[in-house]
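# Structural overview
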Amino acid sequence: MKKVLLLLMLAFLLTGCKNINQSSYEEIIAFGLYDQKVTFKNKTSQGYSYYLPKGLIVIEDVNNNLTLKGEKYNLYLYVDLISYYNKKEDTYQENNTSYYSKRITKDDKFGYLEINLRENDKYLIEIMYNYAKIEVIVNNKDIKEVLSYAISLLSSISYNDKIIENMIGADILNYNENEYNIFETVGSDNSLIQRGNESTTTSNQNDVPDTDLIN
């Protein structure tokens with residue numbers, strides 16, 4: 001599997017990032033998993049840090065539910081510190097009735113990408129990796145561009161075990177236990193997208209300056 005991902009990444013690099021719409025979903029995922037930017041972090045939150053790609057800004061961060069604003073769409077991110085702490089195992093089964101469904105694995109990390117048609121040529125992207133999940137509804141022509149943002153961010157997440165352990169011990173994370181299951185797809189449900197629209201509290205924490213970000 002690792003050899004296949006490396007070959008796909010090489011193919012992506014040879015075609016150039018400007019040809020992302022000519023790349024397959026597999027190539028975009030492979031490039032995101034091995035992108036060197038994932039080692040650079042420009043955002044921190046409760047128990048983790050991550051790389052926020054150029055073109056996205058955080059407009060809301062509440063109890064590890066983040067709303068990210070792009071040029072055209074809002075992306076809804078949930079980071080599951082409880083599942084990370086408990087090292088919950090992969091349970092995803094590829095769905096042959098979806099527009100696209102694929103498990104994602106790299107070393108000891110895992111996840112999935114599932115894309116489902118909603119209505120009016122809108123597609124729900126659900127991508128989970130490294131104990132975090134992004135959901136976003138986009139037009140068909142924008143799936144690949146948004147997917148490249150999502151996988152880059154998810155691949156970059158780095159957890160602080162000591163802080164998470166302290167939060168667990170202090171019962172700070174109890175609100176997350178039954179709130180949302182990143183291991184299950186929602187298909188036509190509103191899930192994070194609805195909750196993101198209903199949330200009104202904004203809390204951006206410990207931002208590290210990044211000159212690439214759009215303000």
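Anyway, here's the lowdown on the structure attached to this text.

How each quantity is defined
Residues numbered from 1 in each chain as written. Predicted model: local features only at pLDDT ≥ 70, side-chain atom pairs only at ≥ 80, totals over all residues. Heavy atoms only, no water. Phe/Tyr/Trp six-rings, centres within 6.5 Å; stacked < 30°, edge-to-face > 60°. Helix = DSSP H or I, 4+ residues; strand = E, 2+ residues; numbered from the N terminus. Lys NZ or Arg CZ within 6 Å of the ring centre and 35° of its normal. Core = buried A, V, L, I, M, F, W, Y, C linked by side-chain atoms within 4.5 Å. Buried < 20%, exposed > 50% of the residue type's maximum accessible area, 1.4 Å probe, protein only. Contact = heavy atoms within 4.5 Å. Pairing = 2+ DSSP bridges. Axes fitted to C-alpha atoms, helices over the stretch in contact; angles between N-to-C directions.

Time to look at the packing of aromatic side chains. The full count for this structure, using the stated rule, is 11 aromatic pairs. Here Tyr84 and Tyr159 contribute two aromatic rings whose centre-to-centre distance is 4.1 Å and whose plane-to-plane angle is 20°, an arrangement assigned as stacked. Note that Tyr84 is positioned in helix H3 (residues 81-86) and Tyr159 in strand S10 (residues 158-159), a separation of 75 residues in sequence. Measuring from centroid to centroid gives 6.2 Å for Phe110 and Phe183, while their planes differ by 40°, and the two rings are tilted. Placement of the pair is Phe110 in strand S7 (residues 109-117) and Phe183 in the loop between helix H5 (161-169) and helix H6 (191-198), with a sequence separation of 73 residues. Across from the ring centre of Tyr84, 3.9 Å away, lies the NZ or CZ of Lys87, which sits over that ring. A cation sits over an aromatic face here: Lys106 above Tyr34, 4.9 Å from the ring centre.

Turning our eyes to something else, we now look at the nonpolar core. Ranked by internal contacts, the top residues of the largest apolar core, which has 55 residues, are Leu68, Leu77, Leu113, Ile125, Ile127, Ile157 and Tyr159. For this core, the leading source of residues is helix H4 (residues 143-156), giving seven residues. In this structure Ile127 touches Ile29, Ile104, Tyr112, Leu113, Ala132, Lys133, Ile134, Leu147, Ala150, Ile151 and Leu154, once residues within four positions along its chain are discounted.

For the rest of this paragraph, the subject is the sheet that holds strand S3 (residues 57-62). Overall, antiparallel pairing links the seven strands, which are arranged S3-S4-S5-S9-S8-S7-S6 in an open sheet. The open sheet is flanked by S3 and strand S6 (100-106), the only strands paired with a single partner. Geometrically, the sheet is characterised by an average inter-axis angle of 15° between neighbouring strands, direction not taken into account. Pairing analysis gives four bridges linking strand S5 (residues 74-79) to strand S9 (residues 132-139), with the strands arranged antiparallel. For Tyr76, the partnering residue across the bridge sits in S9 and is Glu135. Its contacts with the sheet place helix H2 (residues 25-34) against S6, S7 and strand S8 (122-129), and it is angled at close to 25° to S6. Each of strand S4 (65-69), S5, S7, S8 and S9 is contacted by H4, which is oriented at about 20° to S8, the strand it contacts most.

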